[in-house]
Amino acid sequence: MNKEFNVDDVRLQFPILAEKVYKKNLIYLDNGATTQKPLAVIDVYDNVYRKVNANIHRGVHHLSNVCTDLYEKARQIVARHLNAADSSEIVFTRNTTESINLVAYAYGDKFVGPGDEIVVSEMEHHSNIVPWQLLCQRRGAKLLVAKVSDHGELDMGQLAGLLSERTRIVSIAHVSNVMGSVNDVRTIVGMAHSVGAVAVIDAAQSVPHQAIDVQSIGCDFLAFSGHKVYAPLGSGALYGRRDLLNAMNPWMAGGEMIDKVSFAGTTFAEPPLKFEAGTPDYAAAIALGAALDYVDGIGMDVIEAHEASLVKRTLDGLLAIPGVRVIGQAENHASAVSFLVDSIHPYDAGMILDKLGIAVRTGHHCAQPLMDRFGIVGTVRASFALYNTADEVDALLNGVEWVKKMFS
Ligand code: PLP
C-alpha cells in the first residue's frame, strides 16, 4: 500500500464524519447506498452556484461558456477515469438506474425483437433486472437468469449454457451490492461477444472501489452512479461504445439532443448530446469530475488495497462470532459484507447498531431475487469507503456481539 495514504488525513476532508449520532462518533458503513462527500467536491459544487451558474451549451455569454467548458471538462475526466477512447463515449445521466434504462430503451427497443434473449444474473440490483423485464415485455423477448453459488459466486458454466445466437444483451453487475462478490467481467464480456451479444456492466459498486478500464474490460456499455463515488446526488454516467451510441435510437426527446427541428421532421445531435435531452444537472456533473480527480489523486489501487484490508478484517471477525452467517463469501470480494446474526431480524440488528452510532443498511438491498435465492428476507450490510478505519470495523464487530447479547 502507498505509504502516504493516511486515513486520518482523508477523514478530515469529509466534514460529515465529525458529526455525532446519539452523542457517539458516527461510524458510517452504508457507503454502498451513497458515500459522503469531500471538501474537494463540496467546494466545486458550491462554486458553481456562487460564481459561474448559467445554463450550458446554448449561451453566447461569458458564464454560459464557462459552465459549458467545466461540464465538458468533467466529461473528459470521466472518460480518462474509465479509460474510454473518447469523451464522446460518456453520456451524463442521473445515476446507474438511468444509464441502464437508457440502454434498454435506446439500444434495446431498436435491436431486440421477438424470440431474442437477454441474460442477467440472480445477484443483480433491481435496476439491472426491471428495465430488461420491461424491454422483454415491449419486444417479445425472454429474460434468462444466471445462477449464483452458495458461496455467492456467479456460476460461469451455467451462464455459458444460457448463451446462444438468440442472446442480444448480457447485463451483469461488476460487484454485487449485497455480497461484494466481484465478477470476472472481462471473461463475461468475451462470452457475450462470442455469441454476438452486447455486454452491459453495472459498475455501480465497482467504480468507487477499483480502477476501471472499459477498453481492457471490452464492454459495450458501463453504468455507474456519481453519488456512490463521492460525487453529488444527480450525477452519473453511461459509457457506450461510439459505434453503438451512433446506431442507437434517441431516448428522451427535447432540447439539447436535436440537430434541427421542424414539423416536417427532426434530426438529432451526435452522441453524447443525442442522449442528454433537457437541461442536465451540470453542477453535479462538474462536481463528479472533481470527485474522480479526488480519488485519482489518492490512487484507485491505494483505495482498493485499503478497503480490501477492511473487508478481510470484517469477514474474519464476523466468521469468528458464533451464530453469525455471512451471505456471500466469494473468493474475490470487495466493498460490501452481508450477514445475519442468529435468527435476529436484520431490522432489529440494524436498529441496535444505529443506537451505537453505526450506520449499516438492512433489508433486501433492492435485490429481492437474491434474497429468494438464499431463502432469507434480508441481511445486515456493512459497506466500506476509503475513509473507513480498522477501529470502525472493530466497533461493528463489538456491536454485533452486543446485538447477540440483547437477544439472548
Ligand atoms: N446497481 C447496483 C449494483 C447498485 O448497488 C445500485 C444502488 O445501490 C444501483 C444499481 C442503482 O444505483 P442508483 O440508485 O444510484 O441508480
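Residues numbered from 1 in each chain as written. Predicted model: local features only at pLDDT ≥ 70, side-chain atom pairs only at ≥ 80, totals over all residues. Heavy atoms only, no water.

### Some remarks on the sheet that holds strand β6 (residues 142-146)
1) Next: The mixed open sheet is built from seven strands, whose spatial order is β4-β10-β9-β8-β7-β5-β6. Both outer strands of the open sheet, β4 (90-93) and β6, are each paired with one neighbouring strand and no more. Each strand of the sheet is rotated relative to its neighbour by a mean of 20°, with strand direction disregarded.
2) Next: Summarising the sheet, β4 and strand β10 (residues 236-240) pair through four bridges and their orientation is antiparallel. (Pairing = 2+ DSSP bridges. Helix = DSSP H or I, 4+ residues; strand = E, 2+ residues; numbered from the N terminus. Axes fitted to C-alpha atoms, helices over the stretch in contact; angles between N-to-C directions.)

### Observations regarding the site of the ligand
1) Next: Residues in contact with the ligand amount to 13 residues; listed here are only the nearest, Thr 97, Asp 202, Gln 205, Ser 225 and Lys 228.
2) Next: Note that an oxygen atom of the ligand is positioned 3.5 Å from one of the side-chain N or O atoms of Asn 95.
3) Next: Residue His 227 places a side-chain N or O atom 2.7 Å away from an oxygen atom belonging to the ligand. (Near = heavy atom within 4 Å. Polar contact = N/O pair within 3.5 Å; in protein donor to acceptor, adjacent residues only side chain to side chain.)

### Some words on the sheet that holds strand β17 (residues 379-383)
1) Next: Pairing in this open sheet of four strands is antiparallel, and the strands run β13-β14-β17-β16 from one edge to the other. The strands lining the two open edges of the sheet, one partner per strand, are β13 (324-327) and β16 (361-363). Going across the sheet, the axis of each strand differs from the next one's by a mean of 30°, ignoring polarity.
2) Next: Judged from the three bridges that link them, β16 and β17 form a sheet pairing that is antiparallel.

### A few points about the packing of aromatic side chains
1) Next: Per the counting criterion, the structure on display carries nine aromatic pairs.
2) Next: Ring geometry for Tyr 45 versus Tyr 49: centroids 5.5 Å apart, planes at 85°, classification edge-to-face. With Tyr 45 and Tyr 49 both in helix α2 (residues 39-52) and four residues apart, this pair spans about one turn of that helix.
3) Next: Residue classification places Tyr 45 among the partly exposed positions, given a relative accessible area of 28%.
4) Next: Ring pairing ties together the aromatic residues Phe 14, Tyr 230, Tyr 294 and Tyr 387, which thus form one cluster.
5) Next: In this structure, Arg 373 packs its charged tip against the face of Phe 374, placed 4.7 Å from the ring centre. (Phe/Tyr/Trp six-rings, centres within 6.5 Å; stacked < 30°, edge-to-face > 60°. Buried < 20%, exposed > 50% of the residue type's maximum accessible area, 1.4 Å probe, protein only. Lys NZ or Arg CZ within 6 Å of the ring centre and 35° of its normal.)

### What to know about the pairing of strand β7 (residues 167-173)
1) Next: Most of β7 sits inside the fold, with six of its seven residues counted as buried.
2) Next: Across three bridges, strand β5 (residues 117-121) lies against β7 in parallel orientation. What sits directly across from Glu 117, in β7, is Thr 167.
3) Next: Where β7 and strand β8 (residues 198-202) come together, five bridges link them in parallel fashion.

### Examining the packing of α2 against helix α3 (residues 62-82)
The axes of two packed helices give the description: the angle between them and the distance between them.
1) Next: Closest axis-to-axis distance for the α2/α3 pair is 11 Å, and the angle between their directions is 165°. Regarding the angle of α2 to α3, the classification is roughly antiparallel. The two elements α2 and α3 cross, and the hand of that crossing is right-handed. Residues Val 48, Lys 51 and Val 52 of α2 lie in contact with α3, whose contacting residues are Leu 63, Val 66, Cys 67 and Leu 70. (Parallel < 35°, antiparallel > 145°, perpendicular 65-115°, else oblique. Left-handed = near helix turned anticlockwise from the far one by under 90°. Contact = heavy atoms within 4.5 Å.)

### Details of helix α4 (residues 96-111)
1) Next: The end-to-end C-alpha separation of α4 is 21 Å, in line with the 22 Å expected for 16 residues at 1.5 Å each.
2) Next: At the N-terminal end of α4, a side-chain oxygen is found 3.3 Å from the backbone nitrogen of Thr 97, two or three residues along, and the residue is Asn 95. (Expected span 1.5 Å × (residues − 1).)

### Regarding the side chain of Thr 68
1) Next: Position of Thr 68 among the secondary structure elements: in helix α3.
2) Next: Assessed through its relative accessible area of 13%, Thr 68 is described here as buried.

### Some thoughts on the nonpolar core
1) Next: Residues Val 78, Leu 82, Leu 222, Phe 224, Tyr 230, Leu 386 and Tyr 387 are the most contacted members of the largest nonpolar core, which totals 79 residues.
2) Next: The element that contributes the greatest number of residues to this core is helix α10 (residues 282-298), accounting for 11 residues.
3) Next: In this structure, Tyr 387 is in contact with Val 7, Val 10, Arg 11, Phe 14, Leu 17, Tyr 28, Asn 31, Thr 35, Gln 36, Tyr 230 and Glu 392, ignoring residues within four places of it in sequence.
4) Next: Ile 27, Ile 321, Val 326 and Phe 339 belong to the second largest nonpolar core, which has 26 residues in total. (Core = buried A, V, L, I, M, F, W, Y, C linked by side-chain atoms within 4.5 Å.)

### Focus on the packing of helix α11 (residues 300-319) against helix α14 (residues 390-407)
1) Next: Between α11 and α14, the shortest axis-to-axis distance is 10 Å and the interhelical angle comes to 20°. On the basis of the axis angle, α11 is roughly parallel to α14. Remark: the crossing between α11 and α14 carries right-handed chirality. Contacts between α11 and α14 involve Leu 310, Arg 313, Thr 314, Gly 317 and Leu 318 on the former and, on the latter, Ala 390, Val 393, Asp 394, Leu 396, Leu 397 and Val 400.
2) Next: Considering only residue class, the contact of α11 with α14 consists of seven nonpolar, two polar and two charged. (Nonpolar A, V, L, I, M, F, W, Y, C, P; charged D, E, K, R; others polar.)

### Describing the pattern of salt bridges
1) Next: Evaluation of the coordinates by the stated rule reveals 21 salt bridges.
2) Next: In this structure, Glu 117 and Arg 166 form a salt bridge, with 3.1 Å as the shortest nitrogen-oxygen distance. Pair noted here: Glu 117 is in strand β5 and Arg 166 is in the loop between α6 (156-162) and β7, with a separation of 49 residues, a long-range link.
3) Next: Owing to a relative accessible area of 7%, Glu 117 belongs among the buried residues under this scheme.
4) Next: Accessibility expressed as a relative area gives 39% for Arg 166, which makes it partly exposed.
5) Next: Beyond isolated ion pairs, a larger network of salt bridges with shared partners links Asp 30, Arg 361 and Arg 381. (Salt bridge = Lys/Arg side-chain N within 4 Å of Asp/Glu carboxyl O.)

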